[in-house]
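# Remarks on the overall topology
Here is what each chain is made of, one letter per residue.
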Amino acid sequence: MLGLFFVACHSNDDTWGDWSRGYSFSGKPRTGAVTFTLNGEVYVGLGRNENVEEKDKYLTDFWKFNGKSWVSVASFPTVGRAGAVAFVVGEEGHQVAYVGTGYREYLGKETYYDNFYTFDGVSWDTTTVIKLPKPADRKDGGRRDGIAFSLNGKGYVGTGLVSGGMVVNDMYCFDPSKSGDAAWSNVEFRGEPRCGAVAFVIKDKAVVCLGAASSSGSNFRRDVYTFDGTTWDDKEPLVDQDGRGFDNDYNQIPRAYAVAFVSSRDGGVLKGYVATGNGSYPGTCWEYNFDTDRWDEVTELPAAMNRRAYAVGFTFNDYGYVTTGGSTMNAPIDVDTWKFTPGIDEDDDND
């Protein structure tokens, strides 16, 4: 009877996945860092650390992850910032990362950035600075805590918090084959305004979800959208609707400032995963099956992994990783890194 009870409680009990310790991040602890994958290698940098002795609490360093160690690379070419975003596109036969937006605070005043700098894996280009378009109702396109993703050779940037404390739902497409203002176009995100959302790409479609209606982390968004570069499609919302059994625990998913990664290790099917963040259930991790439009809870974060938000998540060698972050934006935790392996039974020894 006990065995039947556990089977009934989880429809995915044989593929919960396993969390294990990874190689600790070699930079300083930080919140609001940014990550991107360029030529098969993962980069993490920027962010904020209130505990550094320097007057400037915003970091510029970047680190490259090769699966077994973190190696220092060229630092960001201008002032440090937190809450930035990044996307990667191909240009003239090679990949280039665009890193930009974000904010920094000084004497109680926040400065929001709309500029992007490019990185080719060796150095930063300081001669060409790309800026987000200026909406008609704002002085610039600056923002923090937005999202970005790459899709079909183009980059996308949107949502987030702008000056004046306003949360937005705009979305812009960057086409590297064009120049100047013509490189950007508005693709009009259909979802509600949000900050601290996540985005991941499966089968040439982006999935955008989570986030909150304000930077305080209240009023979590429950709508989910997919985007193929042309059309936004709404998916099942993250709510428990009467008469359906599969969404009984969907109230545990909404959160803000979480991380996302993808993996095909569960049955060879590429799936998305979200974990950490601000919410009522920050220790839970959820798997999204694009084909069925269903979410399943997988193994929760281990007890040894401090609960966190404002972290970064990425995929390397088809494993999911989470590192950096803090209990709040102003309270960075240690530089521990955690690795998630989908599709296997949990091993308590790894905790």
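A brief structural summary. Please read all numbers here as calculations on a predicted model, not as lab measurements.

On to the pairing of strand β16 (residues 198-202). Side-chain alternation along β16 places Val198, Phe200 and Ile202 on a buried face and Ala199 and Val201 on a face that remains uncovered. Here five bridges tie β16 to strand β17 (residues 205-209), and the two strands are oriented antiparallel to one another. Within β17, the residue paired with alanine 199 across the bridge is valine 208.

If you walk across this open sheet you meet the four strands as β16-β17-β18-β19, and the pairing is antiparallel. Only two strands of the sheet have a single neighbouring strand rather than two, namely β16 and β19 (232-234). Along the sheet, successive strands turn relative to each other by an average axial angle of 25°, direction set aside. Here β17 pairs with strand β18 (residues 225-227) via three bridges, running antiparallel. Its bridge partner being in β18, alanine 206 is matched across the sheet by phenylalanine 227.

All right, on to the sheet that holds strand β24 (residues 312-316) then. Strands sit in the order β1-β28-β25-β24 across an open sheet of four strands; the sheet is antiparallel. This sheet does not close on itself; its edge strands, each paired only once, are β1 (18-21) and β24. Looking at each pair of strands side by side, their axes are set apart by 25° on average, direction ignored. Pairing between β1 and strand β28 (residues 337-341): four bridges, direction antiparallel. Of the residues in β28, the one forming a bridge with aspartate 18 is threonine 341.

Roughly 1,200 Å³ of internal volume is contained in the largest pocket. Among the secondary structure elements, those contributing two or more residues to the lining of the largest pocket are β2 (34-38), β6 (85-91), β12 (147-151), β16, β20 (259-263) and β24. Element by element, the count of residues in the lining of the largest pocket is highest for β6, at six residues. Here the lining of the largest pocket is composed, by residue class, of 30 nonpolar, twelve polar and three charged.

This next bit is on the packing of aromatic side chains. Overall, the coordinates contain 37 aromatic pairs when judged by the stated rule. Relative to tyrosine 117, the ring of phenylalanine 76 has its centre 5.5 Å away and its plane inclined at 80°; by these criteria the two rings are edge-to-face. Of the two residues, phenylalanine 76 is situated in the loop between β5 (70-73) and β6 and tyrosine 117 in strand β10 (residues 115-119); the sequence distance between them amounts to 41 residues. The exposure classification of phenylalanine 76 matches that of tyrosine 117, with both residues buried. When the centroid spacing of 5.1 Å and the interplanar angle of 55° are considered together, the rings of phenylalanine 174 and tryptophan 184 count as tilted. Placement of the pair is phenylalanine 174 in strand β14 (residues 166-174) and tryptophan 184 in strand β15 (residues 184-186), with a sequence separation of ten residues. As far as the burial class goes, phenylalanine 174 and tryptophan 184 line up, both buried.

As a further point, take the side chain of glutamate 287. Assignment of secondary structure puts glutamate 287 in strand β22 (residues 285-289). Using a relative accessible area of 3% as the deciding quantity, one classes glutamate 287 as buried. Engagement of the side chain of glutamate 287 in a polar contact is seen with the side chain of lysine 271, the distance being 3.4 Å.

The next point concerns unusual backbone geometry. One non-glycine residue, tyrosine 257, lies in the positive phi region at around 55°. Checked against the element boundaries, tyrosine 257 lands in the loop between β19 and β20. Not every positive phi belongs to a glycine, and threonine 276 is a case in point at roughly 60°. Mapped onto the fold, threonine 276 is located in the loop between β21 (271-275) and β22. Judged by relative accessible area, threonine 276 falls into the buried class, the value being 0%.

To continue, consider the pairing of strand β8 (residues 103-106). In the sheet, β8 pairs with strand β9 (residues 109-112) via four bridges, with the strands oriented antiparallel. Pairing of tyrosine 106 across the sheet is with lysine 109, part of β9. The antiparallel pairing of β8 with β9 creates a hairpin that spans two residues between the two strands, and leucine 107 there sits at a positive phi of about 55°.

Another point: the nonpolar core. Judged by nonpolar contacts, the single largest core of 18 residues is most densely connected at Phe200, Leu210, Val274 and Trp295. Counting only elements with at least two residues in this core, the list comes to β16, β17, β20 and β22. Top contributing element to this core by residue count: β16, with three residues. Excluding residues that lie within four positions of it along the chain, tryptophan 295 makes contacts with Phe200, Cys209, Leu238, Tyr250, Ile253, Val274, Trp286, Glu287 and Tyr288.

Moving on, we come to the pattern of salt bridges. Oppositely charged side chains may form a pair once their charged atoms are brought near each other. The tally for this structure, following the rule as stated, stands at 18 salt bridges. In this structure, arginine 221 engages glutamate 192 in a salt bridge whose closest nitrogen and oxygen atoms are separated by 3.5 Å. Placement of the pair is arginine 221 in the loop between β17 and β18 and glutamate 192 in the loop between β15 and β16, with a sequence separation of 29 residues. Residue class for arginine 221 comes out buried when judged on its relative accessible area of 10%. A salt bridge links aspartate 223 to arginine 194; its shortest N-O distance comes to 2.7 Å. One end of the pair, aspartate 223, is in the loop between β17 and β18; the other, arginine 194, is in the loop between β15 and β16, with 29 residues separating them in the sequence. Given the relative accessible area of 14%, aspartate 223 is considered buried. The network of salt bridges with shared partners includes Arg48, Glu50 and Glu105.

Quick notes on the rules
- Here the residue numbering is sequential within each chain, running from 1 through the sequence in written order.
- Restriction of local features to residues with pLDDT of at least 70 applies here, the model being predicted, together with a cutoff of 80 or more for giving and counting side-chain atom pairs; totals for whole chains, interfaces and linings are based on all residues.
- Values reported for side chains reflect all heavy atoms of the structure, with hydrogen atoms and water molecules removed beforehand.
- The cut-offs for exposure are 20% and 50% of the maximum accessible area for each residue type, with area from a 1.4 Å probe on protein chains only; residues under the lower value are buried, those over the upper are exposed, and the others partly exposed.
- Elements are defined by DSSP. Helices are runs of H or I of four residues or more, strands are runs of E of two residues or more, and each kind is numbered from the N terminus.
- Strand pairing is assigned whenever DSSP identifies at least 2 bridges connecting the two strands.
- Under this scheme, a helix contributes an axis fitted over its contacting stretch, all axes are lines through C-alpha atoms, and angles between N-to-C directions fall in the 0 to 180 degree range.
- Cavities and pockets were defined on a 1 Å grid built from protein atoms only: a cavity is a group of points that admits a 1.4 Å probe but offers it no way out, a pocket is an open group of points flanked by protein on both sides within 12 Å along at least five of seven lines, and a lining residue is one with an atom within 4 Å of any such point.
- Grid points are joined across faces, edges and corners, and a volume is the space filled by probe spheres set on the points.
- In this count, Pro and Cys sit with the nonpolar residues alongside Ala, Val, Leu, Ile, Met, Phe, Trp and Tyr, while Asp, Glu, Lys and Arg are called charged and the others, Gly among them, polar.
- Two aromatic rings from Phe, Tyr or Trp, using only the six-membered ring of Trp, form a pair when their centres are within 6.5 Å; if the ring planes differ by under 30 degrees the pair is stacked, by over 60 it is edge-to-face, and anything between is tilted.
- Whenever a nitrogen or oxygen atom comes within 3.5 Å of another N or O atom, the pair is scored as a polar contact, on the condition that within protein one atom can donate a hydrogen and the other can accept it, and that pairs from neighbouring residues in sequence are kept only if both atoms are in side chains.
- Only buried residues count toward a nonpolar core, which is a set of Ala, Val, Leu, Ile, Met, Phe, Trp, Tyr and Cys residues joined through side-chain atoms within 4.5 Å.
- We call two residues in contact when some of their heavy atoms are within 4.5 Å.
- Salt bridge, as used here: a side-chain nitrogen of Lys or Arg that lies within 4 Å of a carboxyl oxygen of Asp or Glu.

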